[in-house]
Amino acid sequence: MTTESLTRRFQDKIDQELKIEPKDWMPDAYRKTLIRQISQHAHSEVVGMLPEGNWITRAPSLRRKVALLAKVQDEAGHGLYLYSACETLGIRRETLIEELLSGKAKYSSIFNYPTLTWADIGAIGWLVDGAAIMNQVPLCRCSYGPYARAMVRVCKEESFHQRQGFEILLTLCQGAADQKAMAQDALDRWWWPSLMMFGPSDKDSIHTAQSMRWKIKRFTNDELRQKFIDMTVPQAEVLGLTIPDPELQWDEASGHYHSGPIDWEEFGQVLRGNGPCNAERLEARQRAHQEGTWVREAAQAYAAKQIEESKKVG
Ligand code: 3HC
């Protein structure tokens, strides 16, 4: 079969909502963009543990510590799940890790912001995991089988993450005035970076159109961002907090909230490595990888011994 007919048959499968599996023929460009997106997603999960891990020893109660420990542990699992999904596309995990540690690979901009107070942990759960759920639920219907299936389990755990974050903020907002002020300060600092998680506007997105044709994306960046805003503004009202956007207002005609302009200059700076915590996050991952060398070597030695033993028995 010619590449042209293979490509036509590939797109027909996608148009019929059939999953593309690792052993199926796929255009190199499809494979390449999946490796790009899934690896960045995995890196985001792993780097995303850092801002939250900062508060595990500072959690205000045992209950909060346990919930945060469970959440951070989930994120680690999501990262490993997604690296495994990426490996089905024929790329080695070591290569992906090297790309992250060298600074070559992207991960979500949101994790380059500092967690300054305990309320930030609530804001991350409520806003960042809330945005992640908005982005990841459609990915459960992604055309690439391993990615879609990984997302089903990830989304179940994200729902717990979002609820525990919202509950942290609700507790603060129902507490003393300075606790509510801490929650408002966290919302002020995390609102706009959370909107940036959905990517550049559709007119500036280089991948969205093709990713929509391949049903990797089921909604565009702006569509998901709008859904997130529409869902989250009423939640802020329940908390009694003010969204830091003076232009935010309900538009009856469209049935959506109109929101003010995003600072794309800030977004671009963070993507270029000039965010508040980019260097710190990369250095932490490089240090962890170095300190984990003995664990990898021990695991590899054990695996080699097991293979030797099985050969003797075999
Ligand atoms: N942070 C960093 N880079 C971003 C970005 C962001 N928030 N948004 C877009 N970009 C990058 C893209 O990677 C692309 O760069 P590249 O060509 O070098 O890869 C460029 O900006 C253009 O953006 P596009 O919109 O054209 O790119 P995509 O089609 O890939 O869309 C995306 C970006 C919406 C983030 C998409 O990749 C996606 O849906 N990824 C899967 C979900 C994901 O990775 N979420 C990250 C957070 S994970 C998380 O929150 C964990 C949770 O447990 C807390």
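Since the structure is predicted, the reported quantities are computational estimates derived from the model, not experimental observations.

Undergrad: Can you walk me through helix α12 (residues 278-291) in this structure?
TA: Given 3.6 residues to a turn, an α-helix orients residues that are three or four positions apart in the same direction. The first and last C-alpha atoms of α12 sit 20 Å apart over 14 residues, in line with the 20 Å expected at 1.5 Å per residue. Here α12 has its buried residues at N278, R281, A284 and R285. One side of α12 holds all its buried residues, which, seen down the axis, span an arc of 135°. When the buried face of α12 is taken as reference, the exposed residues oriented beyond 90 degrees from it are A279, Q290 and E291. Of the surrounding secondary structure, the elements contacted by the buried residues of α12 are α2 (28-47), α3 (49-53), α5 (93-101) and α11 (264-271).

Undergrad: What is the right way to look at the site of the ligand in this model?
TA: Among the 31 residues in the neighbourhood of the ligand, the closest are listed as E75, K106, E158, S205 and H207. Interatomic distance of 2.8 Å between a backbone N/O atom of S109 and a nitrogen atom of the ligand. Measuring from an oxygen atom of the ligand, one finds a side-chain N or O atom of S205 at 2.8 Å. In isolation the ligand offers 990 Å² of accessible surface; the protein chains occlude 90% of this area. Tallying contributions element by element places α2 first for the shell around the ligand, with six residues. Broken down by class, the residue content of the shell around the ligand amounts to 13 nonpolar, eleven polar and seven charged.

Undergrad: Whenever I open this one, the pattern of salt bridges confuses me. Can you help?
TA: For side chains of opposite charge, pairing can occur when their charged atoms come near one another. If you walk through the whole model with that rule in mind, you get 23 salt bridges. Here E167 ties to R63 by a salt bridge, and the two come within 3.4 Å at their closest N and O atoms. In this pair, E167 sits in helix α7 (residues 145-173) while R63 sits in helix α4 (residues 62-87), placing the two residues 104 residues apart along the sequence. With a shortest N-O distance of 3.6 Å, E157 and R153 are connected by a salt bridge. With a gap of four residues between them, E157 and R153 both fall in helix α7, about one helical turn apart.

Undergrad: Please explain unusual backbone geometry as it appears in this structure.
TA: One non-glycine residue, E17, lies in the positive phi region at around 65°. With respect to the secondary-structure elements, E17 resides in the loop between α1 (3-15) and α2. Taking the relative accessible area as the measure of exposure, E17 reaches 43% and is therefore partly exposed. In this structure, K215 is a non-glycine residue whose phi angle is positive, near 55°. When you line up the elements, K215 lands in the loop between α9 (208-213) and α10 (221-239). Residue class for K215 comes out buried when judged on its relative accessible area of 16%.

Undergrad: Whenever I open this one, the packing of α12 against helix α13 (residues 293-313) confuses me. Can you help?
TA: Here α12 crosses α13 at 40°, and the two axes come no closer than 4 Å. Overall, the two elements α12 and α13 adopt an arrangement that is oblique. Residues H289, Q290 and E291 of α12 form the contact with α13, whose own contacting residues are T293, W294 and R296. For the contact of α12 with α13, the residue count by class is one nonpolar, three polar and two charged.

Undergrad: It is not clear to me how the nonpolar core should be interpreted in this structure. Could you clarify?
TA: The tendency in soluble globular proteins is for nonpolar side chains to be buried side by side. Counting residues in each nonpolar core, the largest one holds 77 residues, and the members touching the most others are Y30, I38, Y144, Y147, W190 and W191. Broken down by element, the residue count for this core peaks at eleven residues, all from helix α6 (residues 118-139). Setting aside residues up to four positions removed in sequence, W190 forms contacts with I110, Y113, P114, T115, D120, A123, I124, L127 and V128.

Undergrad: Looking at this structure, I do not really get the state of the cysteines. What am I missing?
TA: Among covalent bonds in proteins, the disulfide is the one between the sulfur atoms of two cysteines. Evaluation of the coordinates by the stated rule reveals zero disulfides. No disulfide involves C86; its sulfur sits 12 Å from that of C142, the nearest cysteine.

What counts as what
Residues numbered from 1 in each chain as written. Predicted model: local features only at pLDDT ≥ 70, side-chain atom pairs only at ≥ 80, totals over all residues. Heavy atoms only, no water. Helix = DSSP H or I, 4+ residues; strand = E, 2+ residues; numbered from the N terminus. Expected span 1.5 Å × (residues − 1). Buried < 20%, exposed > 50% of the residue type's maximum accessible area, 1.4 Å probe, protein only. Arc of directions from axis to C-beta. Contact = heavy atoms within 4.5 Å. Near = heavy atom within 4 Å. Polar contact = N/O pair within 3.5 Å; in protein donor to acceptor, adjacent residues only side chain to side chain. Areas by Shrake-Rupley, 256 points an atom, 1.4 Å probe, with all protein chains shown as cover. Nonpolar A, V, L, I, M, F, W, Y, C, P; charged D, E, K, R; others polar. Salt bridge = Lys/Arg side-chain N within 4 Å of Asp/Glu carboxyl O. Axes fitted to C-alpha atoms, helices over the stretch in contact; angles between N-to-C directions. Parallel < 35°, antiparallel > 145°, perpendicular 65-115°, else oblique. Core = buried A, V, L, I, M, F, W, Y, C linked by side-chain atoms within 4.5 Å. Disulfide = S-S within 2.5 Å.

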